[in-house]
Amino acid sequence: MASQDWFDKDFYKVLGVSKDASEAELKKVYRKLAREYHPDSNQGNAKAEAKFKEISEAYSVLSDKEQRAEYDQIRAMGSGARFSAGGPQGGFEDAFSGFGRGGQQYTFQQGGGFEDIFGGMFGGGGGRFGQSSGGFRGFGGPQKGQDIVSSVTIDFFEAFHGDTMSLQTSEGRTVKVKIPAGVADGQKIRLRGKGYPSPDGGEAGDIVLTVKVKKHPVFERDGLNIKVNVPVTFTEAALGATIEVPTPEGETVKLKVAPGTPSGRSLRVKGRGIKTAKGTGDLLAVVQIAVPSHLDDTAKEALEKFASVAPSENPRADLLAEAKR
């Protein structure tokens, strides 16, 4: 999992150790520096936060035997060597070598900040150094491995119905990810214990995926409801009609348009929206009156005759009055 910027980073210098430093020495120095620069102890100090991230990155690489050996080899090659994307090592910063279906390719980048690495330096229960109530990881026990944080893009129907994906990691592991039915755009899915291993025998990190849902040309999500704009003719809206409306399941349902239905009115179909463990939404068919762009002479004459006998009320009267308030 070589990173392109390994050429330009001296992790031994960052930790202040020699290139032949033992694992025990690395761990001891890392714990000391991590406690000194941890953001919880340096509130609002951007330099300390940046230093902490730098220290964490260095230790993450050097504490892993395989990564350390690879790092040493790369550094020995000198700054003139470079990898090309898509080569045997995969992408420079890809945590996954990619996964997909039907030619789709998804790449994942290493993530997880300092909070992921330590699970909270002082613990969620107000613990402090030396206390058993969730103190600094490494002092009270092995530290958790880093999380892998990334995103995956799916289409509207995959989000509606749910899906199962296979992820192939750069280490050759296959990870199954179940996308639950009704997943929302921006929702996160956490796969516990599927991230990077702990450098000192603790529990592995997690995979955290942010789901991005592509927009659909017809259906639009609104909470647990699904909206669909349905064009109707002026005659159908004025006199009433029965129309067919598509649903996300691939079927159609018949709806009655009442006489005098205005544009923008929603016709509700119960239980045909998003289905999740928290509830089920409805399908909202929003009426949009379609105005013909071309009329022949006969149609124009008939419409003009209608206008002469239609009610003379001004449909914008309320709008004009409200605008003056």
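Residues numbered from 1 in each chain as written. Predicted model: local features only at pLDDT ≥ 70, side-chain atom pairs only at ≥ 80, totals over all residues. Heavy atoms only, no water.

- The protein carries the name DnaJ-like protein in an unreviewed UniProt entry, which gives Aurantimicrobium minutum as its organism.

### Digging into helix H2 (residues 23-37)
Turning to step 1, where the next piece is worked out: In a regular helix each residue adds 1.5 Å, so 15 residues correspond to 21 Å; H2 covers 21 Å between its end C-alpha atoms and thus fits that length.
Turning to step 2, where the next piece is worked out: Residues of H2 that are buried include every one of Leu26, Tyr30, Leu33 and Ala34, and no others. Summarising the axial view, the buried residues of H2 lie within an arc of 100°, below the 170-degree limit, and thus occupy one face. Turned more than 90 degrees from where H2 packs its buried face, Ala24, Lys28 and Lys32 sit exposed. (Helix = DSSP H or I, 4+ residues; strand = E, 2+ residues; numbered from the N terminus. Expected span 1.5 Å × (residues − 1). Buried < 20%, exposed > 50% of the residue type's maximum accessible area, 1.4 Å probe, protein only. Arc of directions from axis to C-beta.)

### Digging into the sheet that holds strand E6 (residues 219-222)
Turning to step 1, where the next piece is worked out: The strand order E6-E7-E13-E10 describes an open sheet built from four strands, whose pairing is mixed. Edge strands, defined here as strands with exactly one partner in the open sheet, are E6 and strand E10 (266-269). Shown here is a sheet whose adjacent strand axes are inclined to one another by a mean of 35°, direction ignored.
Turning to step 2, where the next piece is worked out: Judged from the eight bridges that link them, strand E7 (residues 225-233) and strand E13 (residues 283-290) form a sheet pairing that is parallel. When the bridges of E13 are listed, Val230 appears paired with Val287. (Pairing = 2+ DSSP bridges. Axes fitted to C-alpha atoms, helices over the stretch in contact; angles between N-to-C directions.)

### Some words on the pattern of salt bridges
Turning to step 1, where the next piece is worked out: By the definition in use, this model includes 14 salt bridges.
Turning to step 2, where the next piece is worked out: Between Arg190 and Asp147 there is a salt bridge; the shortest N-O distance is 3.5 Å. Taken together, the residues span a long stretch of sequence, with Arg190 in strand E4 (residues 188-191) and Asp147 in the loop between helix H5 (114-118) and strand E1 (148-154) at a distance of 43 residues.
Turning to step 3, where the next piece is worked out: Residue classification places Asp147 among the buried residues on the basis of a relative accessible area of 2%.
Turning to step 4, where the next piece is worked out: Across the salt bridge formed by Arg268 and Asp282, the nearest N and O atoms sit 2.9 Å from each other. With Arg268 in strand E10 and Asp282 in the loop between strand E12 (279-280) and E13, the pair connects residues that are 14 residues apart, well separated along the chain.
Turning to step 5, where the next piece is worked out: Of the residues examined, Asp282 reaches a relative accessible area of 9% and is grouped as buried.
Turning to step 6, where the next piece is worked out: One continuous salt-bridge network, built from bridges that share partners, spans Lys144, Asp147, Arg190, Arg192 and Asp206. (Salt bridge = Lys/Arg side-chain N within 4 Å of Asp/Glu carboxyl O.)

### Digging into the pairing of E10
Turning to step 1, where the next piece is worked out: With burial as the criterion, only one face of E10 is covered, namely that bearing Leu267 and Val269; the residues Ser266 and Arg268 on the opposite face remain uncovered.
Turning to step 2, where the next piece is worked out: Note: E10 against E13, four bridges, orientation antiparallel. Residue pairing across strands places Leu267 opposite Ala285, the latter belonging to E13.

### Remarks on the environment of Glu54
Turning to step 1, where the next piece is worked out: As for its placement among the helices and strands, Glu54 is situated in helix H3 (residues 46-62).
Turning to step 2, where the next piece is worked out: Residues Glu54 and Val14, spaced 40 residues apart in sequence, show a C-alpha to C-alpha distance of 7.3 Å.

### Regarding the packing of H2 against H3
Turning to step 1, where the next piece is worked out: The N-to-C vectors of H2 and H3 enclose an angle of 160°; their axes lie 9 Å apart at closest approach. The orientation of H2 with respect to H3, classified from their angle, is roughly antiparallel. Both H2 and H3 take part in a crossing whose hand is left-handed. In contact with Leu26, Lys27, Tyr30, Leu33, Ala34 and Tyr37 of H2, H3 contributes Ala48, Lys51, Phe52, Ile55, Ser56, Tyr59 and Leu62.
Turning to step 2, where the next piece is worked out: Among the residues forming the contact of H2 with H3, the class breakdown is 10 nonpolar, one polar and two charged. (Parallel < 35°, antiparallel > 145°, perpendicular 65-115°, else oblique. Left-handed = near helix turned anticlockwise from the far one by under 90°. Contact = heavy atoms within 4.5 Å. Nonpolar A, V, L, I, M, F, W, Y, C, P; charged D, E, K, R; others polar.)

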